[in-house]
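# Topology and contacts: notes
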Amino acid sequence: MTSEPWLRAVDLCRFYKRGPQTVHALAGVTLDVGRGEFLGIVGASGSGKSTLLNLLAGLDTPTSGFVQIGDRRLSVMSRKELSRYRACQVGMIFQSFNLIAHYTALQNVETALVFNDVPQKERRTAALAILGQLGLADRVSHRPADLSGGEQQRVAVARAIVKKPSILFADEPTGNLDYENSMQIAELLRQLNHSGLTVVMVTHNLEMANAYSHRIARMQYGKMTGDDEGMPQKGPRT
Amino acid sequence: MTVRDFISIPAGNLWRMKLRTILTVAGIVIAIAAFVSMVSFGTGTQENVDKQFNELGLLTTMQVFPQHRPNEPQSFGEPKLDLTALSRFERIPGVLLVYPYDPFVVHVRIGDTTLESRAQSLSHAAMQTKLFSQIRAGKIFEGDSSRSALISGELLKNAGIDNAESVIGKQLIVSMQVSTIDSALRHLLVDKGESIIDRVRRIQLDSLLNDDNYLRTTLRTEANEAVRRFVSGFLNARRTVSDTLTICGVVESERMGRMRMEPVIIPFKTGERFTTSGFSGNPADLFTAMSSGNLFQSADDRSGKSFSQVTINFDPHVFYATIKDSIEAQGFRTFSFAAEFDQIQKAFVYLDLALGAVGLLALLTASLGIVNTMAMSLLERKREIGIFKSLGADESEIRLLFLAESGTIGLIGSSFGIISGWIITRIVTIIAHIYMRRQGIPEVELFSLPIWLVLVALAVGTGVAVLAGLYPASRAARVDPVEALRND
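Residues numbered from 1 in each chain as written. Chains lettered and ligands numbered in written order. Predicted model: local features only at pLDDT ≥ 70, side-chain atom pairs only at ≥ 80, totals over all residues. Heavy atoms only, no water.

### Points about the overall build of chain B
Check the secondary structure of chain B and you find 17 helices and 15 strands. Looking at chain B residue by residue over its 488 residues, the buried ones come to 46%. (Helix = DSSP H or I, 4+ residues; strand = E, 2+ residues; numbered from the N terminus. Buried < 20%, exposed > 50% of the residue type's maximum accessible area, 1.4 Å probe, protein only.)

### Comments concerning unusual backbone geometry
Residues and elements named next belong to chain A. Residue K164 is not a glycine yet carries a positive backbone phi of 55°. By the element assignment, K164 lies in the loop between α5 (149-161) and β7 (167-171). Phi is positive for E172, close to 45°, though the residue is something other than glycine. The topology assignment puts E172 in the loop between β7 and α6 (179-194). Assessed through its relative accessible area of 8%, E172 is described here as buried.

### Here we look at the nonpolar core
Residues L7(A) and F169(A) are the most contacted members of the largest nonpolar core, which totals 113 residues. Contacts of F169(A), omitting those with residues within four sequence positions, involve L7(A), L53(A), L56(A), A57(A), Y85(A), V90(A), G91(A), M92(A), I93(A) and V200(A). Counting 25 residues, the second-largest nonpolar core is a separate cluster that includes L156(B), A164(B), I266(B) and F274(B). (Core = buried A, V, L, I, M, F, W, Y, C linked by side-chain atoms within 4.5 Å. Contact = heavy atoms within 4.5 Å.)

### Let's talk about the interface of chain A and chain B
Between chain A and chain B, the contact holds 27 residues from the first and 25 residues from the second. For the pairing of chain A and chain B, the buried interface totals around 2,300 Å² over both sides, and the portion due to carbon and sulfur atoms is 53%. The tally of links from chain A across to chain B stands at 3 salt bridges. Between chain A and chain B we count 8 residue pairs in polar contact (both at pLDDT 80 or more) in total. The set of elements that each furnish at least two residues to the side of chain A that touches chain B consists of α2 (79-88), α3 (105-114) and α4 (120-133) of chain A. If you tally residues by element for the side of chain A that touches chain B, the top one is α2(A), at 5 residues. The residue makeup of the side of chain A that touches chain B, split by class, is 10 nonpolar, 8 polar and 9 charged. (Buried area = accessible area lost by both parts, 1.4 Å probe. Salt bridge = Lys/Arg side-chain N within 4 Å of Asp/Glu carboxyl O. Polar contact = N/O pair within 3.5 Å; in protein donor to acceptor, adjacent residues only side chain to side chain. Nonpolar A, V, L, I, M, F, W, Y, C, P; charged D, E, K, R; others polar.)

Below is the structure:
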């Protein structure tokens with residue numbers, strides 16, 4: 001745990017109506033994330049990990065409680081401000097990559113800068129540079145269907161970090177990958193964290209969370225059940 | 001997002017779904033083509049009417065009539081439309097020219113053909129007005145005493161001559177049967193060898209004074225006899241007045257509504273030979289003269305002659321209503337095309353609206369296609385919208401992307417619709433011109449595609465498409481990114 005929390009979730013609840021039933025996806029979760037931290041959130045399927053991540057990323061709004069980034073609560077932000085938050089401060093990667101199928105790798109990465117007020121020419125330069133850094137220079141004109149799962153996820157990572165976000169949310173980033181590709185992606189996230197990027201990774205893979213994150217938050221049935229130190233020797237905290 | 005993004009992203013999506021885009025655009029193309037060709041027809045018709053009004057100077061021409069209608073008797077004290085009235089009209093500010101319509105029945109001989117027709121005499125100044133400017137062949141006569149005449153295309157056609165140029169310079173023999181009051185009076189005094197004195201002598205004066213029955217019978221008999229003698233003298237003692245003139249020109253048409261033009265037009269001074277010789281022999285002229293109090297006037301005395309119609313040409317800078325009010329205040333009826341023109345313009349606005357409405361109905365139907373296309377697109381691209389939102393797109397940007405897409409469909413459809421509409425009007429025009437040529441009708445442009453219509457069609461087509469995209473766009477903007485990005 002860092003000395004000063006930067007991203008805070010306080011008593012977060014998220015309930016869904018499913019017909020006559022109310023699903024308690026999150027039931028009073030409180031969590032602090034420090035700047036530069038690599039936080040792993042682990043839990044079984046349906047424990048509320050992804051819901052928590054969506055709330056932290058400003059994609060969803062809590063039923064009660066609040067998320068605070070720096071000194072601003074997301075709940076007081078207008079829709080426009082929330083969009084700006086996602087556009088400028090947040091990078092997201094998903095288990096199923098969520099690349100746009102009819103765009104090339106380059107276009108997918110460029111798209112992250114469309115909503116960021118980055119001029120057209122700079123978008124291409126930045127996207128090519130980041131794809132090059134991630135070893136995808138020869139894949140820029142390929143569509144997702146022509147790429148392997150590992151390559152697709154690296155394109156997704158490139159898309160998430162090309163806008164230089166403050167925090168990266170990874171929702172089961174290795175869930176659809178084989179062991180080798182999973183390790184590559186995890187290593188990539190660790191490197192990004194080393195370069196100062198705050199990473200919050202949701203996974204059900206406790207071993208990987210242990211290996212790469214500074215701290216592990218455990219979730220079960222929509223609640224936090226524990227908060228363990230990870231392996232600090234693998235990544236510096238700021 | 002930049003403007004370029006709002007163009008390139010929707011354009012890319014449309015390009016990806018080519019067949020669907022083409023089919024949706026085709027609906028707009030058909031609707032806009034229908035809208036453009038229909039409104040273009042209304043506009044073309046309006047322009048034709050405007051052109052004719054201006055070419056004939058109808059907007060600066062006014063017709064003046066006596067207060068009574070043509071088939072009504074003249075009422076007591078009604079002002080006469082005579083030379084005195086004409087000179088009063090000339091003094092009205094803004095009036096440039098005043099000339100009467102004074103037709104007469106004639107027989108004309110062109111080559112070997114003799115036809116009964118009508119003629120009028122007109123001054124050279126009147127002939128120089130726009131009303132008589134449509135000359136098919138030749139030119140107008142040189143002056144009021146010129147020994148030439150103009151004939152109409154219709155007269156030529158009746159004479160079986162097709163080529164108007166061929167009659168220019170040819171002889172035109174104009175003749176007219178006239179009756180005079182002098183011969184009527186002569187017959188009143190002496191008829192069939194019996195003088196009026198002989199008849200008076202036969203009357204029994206005693207019986208006339210003492211027998212009421214005899215008095216009534218005798219007066220009726222003598223009155224009837226006097227009228228018979230007068231009318232018999234009027235109708236049976238006609239003489240022929242004729243003149244041989246040279247055809248100097250052929251005018252296009254004879255009659256434009258109330259703007260009357262007779263088939264034969266003779267210079268004013270030359271025509272006096274006919275207009276001052278007496279009555280045409282038409283009993284109607286006799287009754288007109290009786291009702292106007294000019295029956296026993298000398299034939300060559302035009303001072304008391306009244307006309308059924310007078311034409312006034314006025315300065316285009318003068319408001320027609322000023323002159324109209326001034327003339328109507330003198331007790332005459334007027335007819336002005338300028339007054340009718342406003343009504344005609346209004347009628348054309350309604351015509352354009354009605355034609356445009358038909359096109360708009362087609363456009364509304366096509367817009368349902370856009371709604372369908374955009375709704376399909378929304379369903380297919382929910383995940384894409386979710387990705388955009390996770391990358392920072394706000395609702396208004398998603399909405400605008402969808403609206404730009406439907407607007408692009410409208411813009412492309414409208415552009416091709418305008419081109420298609422124009423092609424349709426050209427094809428119809430070519431067919432119509434072939435028909436007009438075959439029928440001997442002067443060719444006119446049926447359609448007009450002014451720049452305002454192009455802009456309106458573009459705006460309407462794009463606008464309706466954008467409106468059609470509003471609902472799908474608003475649904476797209478409200479897509480829940482969490483739902484859209486959920487792993488299936």
